[in-house]
Amino acid sequence: MNASPSVPSFDVLRRNAWFAALPTSLQESIVRGSTIRAWRRGEALQRGGEPIGALGIVLSGRIRCVMRGRRDRESLVHVGGVGCVFGWGLVQPDVRALLTVTADTSVRALVLPRAAFERLVEADPRNFRGFAALPLELMRTLFRYLGELPGLPLDGQLRVRLADLAARVRAEHRVDGPIELVLSQADLATMVGMSRQRLNQRLGELQQQGLVHVGFRRIVVPDPERLRASADDVRADVAPGHAAPERVAPARAAPEHVAKRDGAGGGRDRRGAAAR
(Lines give C-alpha, C1' and ligand atoms only; values in the text may rest on other atoms or scores of the structure.)
Protein backbone atom coordinates (compact mmCIF):
# COMPACT_ATOMS: atom_id res chain seq x y z
CA MET A 1 0.00 0.00 0.00
CA ASN A 2 1.30 3.43 -0.92
CA ALA A 3 0.20 6.91 0.22
CA SER A 4 0.24 10.15 -1.73
CA PRO A 5 -0.87 13.70 -0.84
CA SER A 6 -2.15 14.30 -4.40
CA VAL A 7 -5.51 16.03 -4.66
CA PRO A 8 -8.15 14.11 -6.65
CA SER A 9 -10.55 15.67 -9.12
CA PHE A 10 -13.77 16.84 -7.47
CA ASP A 11 -15.58 15.59 -10.57
CA VAL A 12 -14.58 12.04 -9.69
CA LEU A 13 -15.61 12.39 -6.04
CA ARG A 14 -18.92 14.02 -6.94
CA ARG A 15 -19.94 10.98 -8.92
CA ASN A 16 -20.84 9.57 -5.52
CA ALA A 17 -24.32 10.76 -4.51
CA TRP A 18 -23.39 10.96 -0.81
CA PHE A 19 -20.31 13.13 -1.40
CA ALA A 20 -22.12 15.33 -3.94
CA ALA A 21 -24.88 16.08 -1.41
CA LEU A 22 -22.44 17.39 1.20
CA PRO A 23 -21.94 21.17 1.57
CA THR A 24 -19.09 22.40 -0.62
CA SER A 25 -17.15 23.55 2.43
CA LEU A 26 -17.31 20.05 3.95
CA GLN A 27 -16.29 18.46 0.65
CA GLU A 28 -13.21 20.68 0.56
CA SER A 29 -12.40 19.95 4.22
CA ILE A 30 -12.62 16.19 3.62
CA VAL A 31 -10.21 16.42 0.70
CA ARG A 32 -7.77 18.61 2.66
CA GLY A 33 -7.74 16.15 5.55
CA SER A 34 -7.31 13.07 3.35
CA THR A 35 -4.54 11.31 1.48
CA ILE A 36 -4.64 9.13 -1.61
CA ARG A 37 -3.57 5.54 -1.06
CA ALA A 38 -2.96 2.71 -3.48
CA TRP A 39 -3.33 -1.06 -3.05
CA ARG A 40 -2.29 -3.96 -5.23
CA ARG A 41 -4.78 -6.64 -6.19
CA GLY A 42 -5.51 -8.90 -3.23
CA GLU A 43 -4.37 -6.45 -0.55
CA ALA A 44 -6.77 -5.57 2.27
CA LEU A 45 -8.09 -2.03 2.58
CA GLN A 46 -10.05 -2.95 5.70
CA ARG A 47 -10.16 -6.14 7.78
CA GLY A 48 -13.29 -7.43 9.44
CA GLY A 49 -13.12 -7.45 13.23
CA GLU A 50 -10.47 -4.72 13.38
CA PRO A 51 -11.10 -1.10 14.47
CA ILE A 52 -12.16 1.19 11.63
CA GLY A 53 -9.43 3.77 11.28
CA ALA A 54 -10.52 5.62 8.16
CA LEU A 55 -13.25 6.38 5.65
CA GLY A 56 -12.40 5.80 1.98
CA ILE A 57 -13.81 6.58 -1.46
CA VAL A 58 -12.58 4.51 -4.41
CA LEU A 59 -11.02 6.68 -7.13
CA SER A 60 -10.00 3.91 -9.50
CA GLY A 61 -10.20 0.13 -9.60
CA ARG A 62 -12.61 -2.26 -7.95
CA ILE A 63 -13.03 -3.62 -4.40
CA ARG A 64 -14.70 -6.69 -2.88
CA CYS A 65 -16.62 -6.47 0.40
CA VAL A 66 -16.92 -9.77 2.27
CA MET A 67 -18.56 -10.63 5.60
CA ARG A 68 -17.35 -13.54 7.67
CA GLY A 69 -20.17 -15.51 9.30
CA ARG A 70 -20.53 -18.60 11.42
CA ARG A 71 -17.79 -21.21 11.12
CA ASP A 72 -15.71 -18.58 9.31
CA ARG A 73 -17.88 -18.87 6.22
CA GLU A 74 -17.40 -15.84 3.97
CA SER A 75 -20.30 -14.14 2.17
CA LEU A 76 -19.71 -11.73 -0.69
CA VAL A 77 -21.71 -8.57 0.02
CA HIS A 78 -20.69 -6.13 -2.69
CA VAL A 79 -18.29 -5.51 -5.56
CA GLY A 80 -17.75 -1.75 -5.88
CA GLY A 81 -15.95 0.49 -8.33
CA VAL A 82 -15.23 4.20 -8.60
CA GLY A 83 -17.28 6.11 -6.02
CA CYS A 84 -17.76 3.17 -3.65
CA VAL A 85 -17.39 4.18 0.01
CA PHE A 86 -15.85 1.91 2.64
CA GLY A 87 -15.25 2.43 6.36
CA TRP A 88 -18.66 4.06 6.89
CA GLY A 89 -18.69 2.75 10.48
CA LEU A 90 -16.17 5.48 11.27
CA VAL A 91 -19.06 7.58 12.63
CA GLN A 92 -19.18 5.34 15.72
CA PRO A 93 -16.32 5.51 18.24
CA ASP A 94 -14.29 2.33 18.75
CA VAL A 95 -16.44 0.35 16.31
CA ARG A 96 -14.98 -2.69 14.59
CA ALA A 97 -15.45 -3.41 10.91
CA LEU A 98 -18.13 -5.87 9.84
CA LEU A 99 -16.65 -6.28 6.38
CA THR A 100 -13.28 -7.23 5.00
CA VAL A 101 -12.54 -5.03 1.98
CA THR A 102 -9.92 -6.20 -0.50
CA ALA A 103 -8.64 -4.87 -3.81
CA ASP A 104 -10.19 -6.85 -6.67
CA THR A 105 -7.89 -4.94 -9.05
CA SER A 106 -5.26 -2.30 -8.43
CA VAL A 107 -7.08 0.35 -6.38
CA ARG A 108 -6.58 4.03 -5.55
CA ALA A 109 -8.78 5.64 -2.90
CA LEU A 110 -9.18 8.91 -1.04
CA VAL A 111 -8.76 8.07 2.65
CA LEU A 112 -9.90 10.26 5.56
CA PRO A 113 -8.27 9.11 8.86
CA ARG A 114 -10.37 8.94 12.02
CA ALA A 115 -8.39 11.77 13.63
CA ALA A 116 -9.22 14.09 10.69
CA PHE A 117 -12.89 13.05 10.85
CA GLU A 118 -13.04 13.86 14.56
CA ARG A 119 -11.46 17.27 13.99
CA LEU A 120 -14.10 18.06 11.36
CA VAL A 121 -16.90 17.18 13.76
CA GLU A 122 -15.34 19.09 16.65
CA ALA A 123 -14.93 22.17 14.45
CA ASP A 124 -18.60 22.05 13.43
CA PRO A 125 -20.91 19.40 14.96
CA ARG A 126 -23.30 19.87 12.02
CA ASN A 127 -20.75 18.03 9.89
CA PHE A 128 -21.67 14.82 11.70
CA ARG A 129 -25.05 14.71 9.94
CA GLY A 130 -23.34 14.40 6.58
CA PHE A 131 -21.25 11.44 7.67
CA ALA A 132 -24.17 9.78 9.49
CA ALA A 133 -26.13 9.63 6.21
CA LEU A 134 -23.90 6.76 5.06
CA PRO A 135 -24.81 4.08 7.65
CA LEU A 136 -28.43 5.31 7.69
CA GLU A 137 -28.77 4.56 3.97
CA LEU A 138 -27.32 1.09 4.46
CA MET A 139 -29.77 0.49 7.32
CA ARG A 140 -32.61 1.39 4.97
CA THR A 141 -31.40 -1.28 2.56
CA LEU A 142 -31.17 -3.83 5.38
CA PHE A 143 -34.71 -3.15 6.60
CA ARG A 144 -35.97 -3.37 3.01
CA TYR A 145 -34.40 -6.81 2.78
CA LEU A 146 -36.10 -7.87 6.00
CA GLY A 147 -39.44 -6.75 4.61
CA GLU A 148 -39.10 -8.07 1.07
CA LEU A 149 -37.18 -11.33 1.20
CA PRO A 150 -39.24 -13.54 3.56
CA GLY A 151 -41.28 -15.98 1.49
CA LEU A 152 -39.56 -15.10 -1.78
CA PRO A 153 -38.20 -18.01 -3.82
CA LEU A 154 -34.59 -17.74 -4.92
CA ASP A 155 -35.72 -16.34 -8.25
CA GLY A 156 -37.39 -13.45 -6.44
CA GLN A 157 -34.39 -12.95 -4.18
CA LEU A 158 -32.19 -12.75 -7.27
CA ARG A 159 -34.38 -9.98 -8.70
CA VAL A 160 -34.32 -7.99 -5.47
CA ARG A 161 -30.57 -8.39 -5.10
CA LEU A 162 -29.88 -7.28 -8.67
CA ALA A 163 -32.17 -4.27 -8.20
CA ASP A 164 -30.37 -3.28 -4.99
CA LEU A 165 -26.94 -3.69 -6.57
CA ALA A 166 -28.07 -1.48 -9.45
CA ALA A 167 -29.43 1.12 -7.01
CA ARG A 168 -26.14 1.16 -5.14
CA VAL A 169 -24.15 1.60 -8.35
CA ARG A 170 -26.47 4.45 -9.29
CA ALA A 171 -25.72 6.11 -5.94
CA GLU A 172 -21.97 5.55 -6.36
CA HIS A 173 -21.87 6.91 -9.90
CA ARG A 174 -24.88 9.25 -10.09
CA VAL A 175 -25.96 7.82 -13.44
CA ASP A 176 -29.38 7.83 -15.05
CA GLY A 177 -30.79 5.21 -17.36
CA PRO A 178 -29.55 1.60 -17.58
CA ILE A 179 -27.12 0.48 -14.86
CA GLU A 180 -24.13 -1.69 -15.72
CA LEU A 181 -23.00 -4.10 -13.00
CA VAL A 182 -19.37 -5.16 -13.41
CA LEU A 183 -19.96 -8.53 -11.82
CA SER A 184 -19.17 -12.11 -12.80
CA GLN A 185 -21.88 -14.73 -12.68
CA ALA A 186 -19.74 -16.67 -10.21
CA ASP A 187 -19.78 -13.71 -7.79
CA LEU A 188 -23.52 -13.18 -8.24
CA ALA A 189 -24.19 -16.87 -7.64
CA THR A 190 -22.24 -16.59 -4.37
CA MET A 191 -24.25 -13.53 -3.32
CA VAL A 192 -27.68 -15.14 -3.83
CA GLY A 193 -26.82 -18.73 -2.89
CA MET A 194 -27.55 -20.27 -6.29
CA SER A 195 -25.62 -22.76 -8.33
CA ARG A 196 -24.06 -21.23 -11.41
CA GLN A 197 -26.15 -23.49 -13.64
CA ARG A 198 -29.40 -22.35 -12.03
CA LEU A 199 -28.26 -18.71 -12.07
CA ASN A 200 -27.42 -18.89 -15.77
CA GLN A 201 -30.90 -20.25 -16.47
CA ARG A 202 -32.61 -17.56 -14.37
CA LEU A 203 -30.60 -14.76 -15.97
CA GLY A 204 -31.59 -16.09 -19.38
CA GLU A 205 -35.24 -15.89 -18.35
CA LEU A 206 -34.81 -12.34 -17.05
CA GLN A 207 -33.12 -11.36 -20.30
CA GLN A 208 -36.03 -12.77 -22.32
CA GLN A 209 -38.35 -10.57 -20.25
CA GLY A 210 -36.20 -7.51 -20.98
CA LEU A 211 -35.33 -7.07 -17.29
CA VAL A 212 -31.57 -7.54 -17.74
CA HIS A 213 -28.98 -7.81 -20.50
CA VAL A 214 -26.17 -10.28 -19.82
CA GLY A 215 -22.61 -9.99 -21.15
CA PHE A 216 -19.12 -11.12 -20.17
CA ARG A 217 -18.60 -10.11 -16.52
CA ARG A 218 -21.35 -7.55 -17.06
CA ILE A 219 -25.05 -7.44 -16.29
CA VAL A 220 -27.03 -4.40 -17.44
CA VAL A 221 -30.22 -3.51 -15.55
CA PRO A 222 -32.31 -1.17 -17.75
CA ASP A 223 -34.86 -0.33 -15.02
CA PRO A 224 -34.02 -1.35 -11.41
CA GLU A 225 -37.49 -0.50 -10.07
CA ARG A 226 -39.23 -2.57 -12.73
CA LEU A 227 -36.92 -5.45 -11.86
CA ARG A 228 -37.69 -5.06 -8.15
CA ALA A 229 -41.44 -4.96 -8.82
CA SER A 230 -41.19 -8.18 -10.82
CA ALA A 231 -40.19 -10.00 -7.63
CA ASP A 232 -43.79 -9.59 -6.42
CA ASP A 233 -44.98 -11.39 -9.55
CA VAL A 234 -42.73 -14.31 -8.62
CA ARG A 235 -44.17 -14.29 -5.09
CA ALA A 236 -47.72 -14.31 -6.50
CA ASP A 237 -46.91 -17.40 -8.59
CA VAL A 238 -46.33 -19.40 -5.40
CA ALA A 239 -49.62 -20.87 -4.19
CA PRO A 240 -50.61 -19.93 -0.60
CA GLY A 241 -49.37 -22.49 1.85
CA HIS A 242 -46.83 -23.92 -0.59
CA ALA A 243 -43.14 -23.17 -0.66
CA ALA A 244 -41.45 -22.21 -3.89
CA PRO A 245 -39.48 -25.02 -5.57
CA GLU A 246 -36.12 -23.54 -4.55
CA ARG A 247 -37.18 -23.36 -0.92
CA VAL A 248 -38.50 -26.94 -0.55
CA ALA A 249 -36.57 -28.90 2.05
CA PRO A 250 -34.80 -31.71 0.16
CA ALA A 251 -35.91 -35.27 0.81
CA ARG A 252 -33.28 -37.91 1.43
CA ALA A 253 -31.59 -38.62 -1.88
CA ALA A 254 -32.16 -41.98 -3.54
CA PRO A 255 -29.10 -44.05 -4.44
CA GLU A 256 -27.69 -43.23 -7.85
CA HIS A 257 -28.82 -46.51 -9.46
CA VAL A 258 -32.39 -45.95 -8.22
CA ALA A 259 -32.44 -42.38 -9.55
CA LYS A 260 -31.32 -43.60 -12.96
CA ARG A 261 -33.94 -46.33 -13.02
CA ASP A 262 -36.69 -43.81 -12.26
CA GLY A 263 -35.94 -41.90 -15.47
CA ALA A 264 -33.73 -39.02 -16.53
CA GLY A 265 -36.05 -36.27 -15.36
CA GLY A 266 -36.67 -37.78 -11.93
CA GLY A 267 -32.97 -38.48 -11.49
CA ARG A 268 -32.08 -34.88 -12.11
CA ASP A 269 -34.69 -33.70 -9.61
CA ARG A 270 -33.41 -35.93 -6.86
CA ARG A 271 -29.77 -35.17 -7.43
CA GLY A 272 -30.51 -31.45 -7.73
CA ALA A 273 -32.45 -31.48 -4.44
CA ALA A 274 -29.65 -33.31 -2.70
CA ALA A 275 -27.08 -30.86 -4.01
CA ARG A 276 -29.07 -27.95 -2.69
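Residues numbered from 1 in each chain as written. Predicted model: local features only at pLDDT ≥ 70, side-chain atom pairs only at ≥ 80, totals over all residues. Heavy atoms only, no water.

1. Notes on the environment of Arg170
For clarity, the cut-off: Here a helix means four or more residues in a row that DSSP labels H or I, a strand means two or more in a row labelled E, and each is numbered from the N terminus. Contacts were defined at the residue level, with two residues in contact if any of their heavy atoms lie within 4.5 Å.
Looking at the element boundaries, Arg170 is found in helix α6 (residues 154–173). Considering only alpha carbons, one finds Arg170 and Leu181, 11 residues apart in sequence, at a separation of 9.9 Å. Beyond its immediate chain neighbours, meaning those up to four positions away, Arg170 contacts Val175, Asp176, Gly177, Ile179 and Pro224.

2. A short note on helix α4 (residues 114–123)
Here is the rule: Working definition: with a 1.4 Å probe on protein chains only, accessible area under 20% of the residue-type maximum means buried, over 50% means exposed, and in between means partly exposed. It is the directions from the helix axis to the C-beta atoms whose arc is reported.
By the burial criterion, the buried members of α4 are Arg114, Ala116, Phe117, Leu120 and Val121. The arc enclosing the buried residues of α4, seen along the axis, measures out at 165°, which places them on a common side. More than 90 degrees from the buried face of α4, the exposed residues found are Arg119, Glu122 and Ala123.

3. A word on unusual backbone geometry
Of note, Asp94 is a non-glycine position whose phi angle comes to about 60°, a positive value. Asp94 gets classed as exposed once you look at its relative accessible area, which sits at 74%. A positive phi angle is found at Arg217, which is not glycine, with a value near 55°. Looking at the secondary structure, you find Arg217 in the loop between β11 (213–215) and β12 (218–221).

4. So, the environment of Phe86
Position of Phe86 relative to the elements: it lies in strand β7 (residues 85–86). We classify Phe86 as buried; its relative accessible area is 6%. When the C-alpha positions of Phe86 and Ile52 are compared, they lie 9.7 Å apart, and in sequence the two are 34 residues distant. Ignoring anything within four residues of it in the chain, the contact list for Phe86 reads Leu45, Gln46, Ala54, Leu55, Gly56, Ile57, Val58, Ile63, Val101 and Ala109.

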